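# Secondary and tertiary structure notes
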Amino acid sequence: ITGEIPSELGNLTEELYELDLSNNLGLKGTIPSELGNLISLRDLRLSGTGITGEIPSELGNLTEELYELDLSNNLGLKGTIPSELGNLISLRDLRLSGTGITGEIPS
């Protein structure tokens, strides 16, 4: 897969449970904030891609279902962990190794 992650994926609000685009070095651009609309999403894996930028605070909207967030091995990811990720009450697995993300994990 090459190019950017389509923001239109955010329209699959009640239909998408898992999104795994891992190990696609051709993926470029930022993580679309619209992914925060995916209220049924349980598993978001974007490890080992060419994504850049910051983690969108809108991912903190995935409060009820999201239990895994894997953004590891993306050196282009920068900034801090948004405080909104502290709202992810079901989150059990957060992977940020191999990124440029700094700061504390929100409570």
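Residues numbered from 1 in each chain as written. Predicted model: local features only at pLDDT ≥ 70, side-chain atom pairs only at ≥ 80, totals over all residues. Heavy atoms only, no water.

### Considerations on the overall build of the protein chain
- For the protein chain, the helix and strand inventory stands at zero helices and eight strands.
- In the protein chain, the succession of α and β elements from N to C terminus is β-β-β-β-β-β-β-β.
- When the backbone C-alpha atoms are referred to their principal axes, the protein chain occupies close to 30 × 30 × 20 Å.
- Considering only contacts within the protein chain whose residues lie at least 6 apart along the sequence, 67% involve residues at least 24 apart.
- Looking at the protein chain as shown, the accessible area adds up to about 5,600 Å², and 45% of this sits on carbon and sulfur atoms.
- Where the 6 positive side-chain charges of the protein chain centre and where its 17 negative ones centre are 8 Å apart. (Helix = DSSP H or I, 4+ residues; strand = E, 2+ residues; numbered from the N terminus. Contact = heavy atoms within 4.5 Å. Areas by Shrake-Rupley, 256 points an atom, 1.4 Å probe, with all protein chains shown as cover. Lys, Arg positive; Asp, Glu negative; His and termini not counted. Charge placed at Lys NZ, Arg CZ, Asp CG, Glu CD.)

### With respect to a negative patch on the surface
- A contiguous patch of negative charge on the surface is contributed by Glu8, Glu34, Glu58 and Glu84.
- With respect to the secondary-structure elements, Glu84 resides in the loop between β6 (78–80) and β7 (93–95).
- We classify Glu84 as partly exposed; its relative accessible area is 31%. (Patch = residues over 30% accessible without salt bridge, like charges linked within 9 Å, V, L, I, M, F, W, Y side chains within 5 Å. Salt bridge = Lys/Arg side-chain N within 4 Å of Asp/Glu carboxyl O. Buried < 20%, exposed > 50% of the residue type's maximum accessible area, 1.4 Å probe, protein only.)

### Side note on the sheet that holds β7
- Pairing within the open sheet is parallel, and its four strands lie in the order β2-β4-β5-β7. Single-partner strands in this sheet number two, and they are β2 (18–20) and β7. In this sheet, neighbouring strand axes are inclined to one another by 10° on average, regardless of whether the strands run parallel or antiparallel. (Pairing = 2+ DSSP bridges. Axes fitted to C-alpha atoms, helices over the stretch in contact; angles between N-to-C directions.)

### Remarks on the pattern of salt bridges
- With the rule as written, the count across this model stands at five salt bridges.
- For Arg45, the salt bridge is made with Asp20, and the minimal N-O distance between the two is 3.9 Å. Of this pair, Arg45 sits in strand β4 (residues 43–45) while Asp20 sits in strand β2, and the two are 25 residues apart along the sequence.
- The class of Arg45 is partly exposed, set by a relative accessible area of 26%.

### A short note on the environment of Asn11
- By secondary structure assignment, the location of Asn11 is in the loop between β1 (3–4) and β2.
- The spacing of Asn11 and Thr80 is 69 residues in sequence and 27 Å in space, taken between C-alpha atoms.

### A few points about unusual backbone geometry
- With a phi angle near 60°, Asn23 is a residue other than glycine that sits in the positive phi range.
- Counting through the fold element by element, Asn23 comes out in the loop between β2 and β3 (27–28).
- In this structure, Asn73 takes a positive phi of about 60° despite not being glycine.
- Within the secondary structure, Asn73 sits in the loop between β5 (68–70) and β6.

Interpretation note: all reported values are geometric properties and have no functional meaning in isolation.
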